[in-house]
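So the chains spell out like this:
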Amino acid sequence: NAMSLTLEERDPYTAGHQRRTTDLSLAIAREMGLPEHETKGLQMAGLIHDMGKISVPGEILSKPGRLNDAELQLIQRHLQVAYDILKQIDFHWLLDQIVLQHHERWDGEGYPQGLKGTEIMFEARIVSVADAFEAMVSERPWRNSMIGYEAMRSILSDNQRRFDPEIVKIFI
């Protein structure tokens, strides 16, 4: 919680994003019947999945409009920054890997490692769906929010390309 609140202080535009992503991730996990020890790790990963954004300059985090290539690379680097911090801590769960992988895509076109399908940790695949939906329905300086059903339609259209189809089915 402390790490999540630290990021919110740094990036007020996404205040509550990590908590809402966590809530959605846990709802998916409960629907899937995951055991409590697995959902606890998922909860922790959800709360800190964007902690690496602490390294991104504030003017980039709140920039209206499109990012240039250099700015986009700084944003994408947040996964590696978080991983480098988390790998120093001995958690019971593989939080460092979940956080590192939550922008990987089912079709292998994600980042930072270009993992594909089941190469991506199961928990990271859950966080990916929850994170994407939550971001779509939230207002940002560079775009308006979507209505829930529009965001669900977008998630469905990215099914099998960006997201694990089984997790999308359970999410919907």
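Preceding block: the structure.
Keep in mind it's a predicted model, so treat the numbers as computed, not measured.

1. Considerations on the packing of aromatic side chains
Link 1 in the chain: All told, the structure shown has one aromatic pair when counted by the stated rule.
Link 2 in the chain: Ring centres of Phe 133 and Phe 171 lie 5.1 Å apart, and the angle between their planes is 65°; this geometry places the pair in the edge-to-face category. In this pair, Phe 133 is assigned in helix 8 (residues 122–136) and Phe 171 in helix 10 (residues 165–171), connecting sequence segments 38 residues apart. Per residue, the accessibility class of Phe 133 equals that of Phe 171, and both read buried.

2. A word on helix 6 (residues 78–86)
Link 1 in the chain: Listed in full, the buried residues belonging to helix 6 are His 78, Leu 79, Val 81, Ala 82, Tyr 83 and Leu 86.
Link 2 in the chain: Summarising the contacts, the buried residues of helix 6 are in contact with helix 3 (36–48), helix 5 (69–76) and helix 7 (95–101).

3. Considerations on the nonpolar core
Link 1 in the chain: Grouped together as the largest cluster of nonpolar side chains are 27 residues, with contacts concentrated most on Ile 28, Ile 48, Ile 98, Val 129, Ile 155 and Phe 163.
Link 2 in the chain: Those elements giving two or more residues to this core turn out to be helix 2 (17–32), helix 3, helix 6, helix 7, helix 8, helix 9 (148–157) and helix 10.
Link 3 in the chain: The biggest single contributor to this core is helix 8, with seven residues.
Link 4 in the chain: Those residues in contact with Ile 155 that sit more than four places away from it in its chain are Val 129, Ala 132, Phe 133, Met 136, Phe 163 and Val 168.

About the thresholds
Residues numbered from 1 in each chain as written. Predicted model: local features only at pLDDT ≥ 70, side-chain atom pairs only at ≥ 80, totals over all residues. Heavy atoms only, no water. Phe/Tyr/Trp six-rings, centres within 6.5 Å; stacked < 30°, edge-to-face > 60°. Helix = DSSP H or I, 4+ residues; strand = E, 2+ residues; numbered from the N terminus. Buried < 20%, exposed > 50% of the residue type's maximum accessible area, 1.4 Å probe, protein only. Contact = heavy atoms within 4.5 Å. Core = buried A, V, L, I, M, F, W, Y, C linked by side-chain atoms within 4.5 Å.

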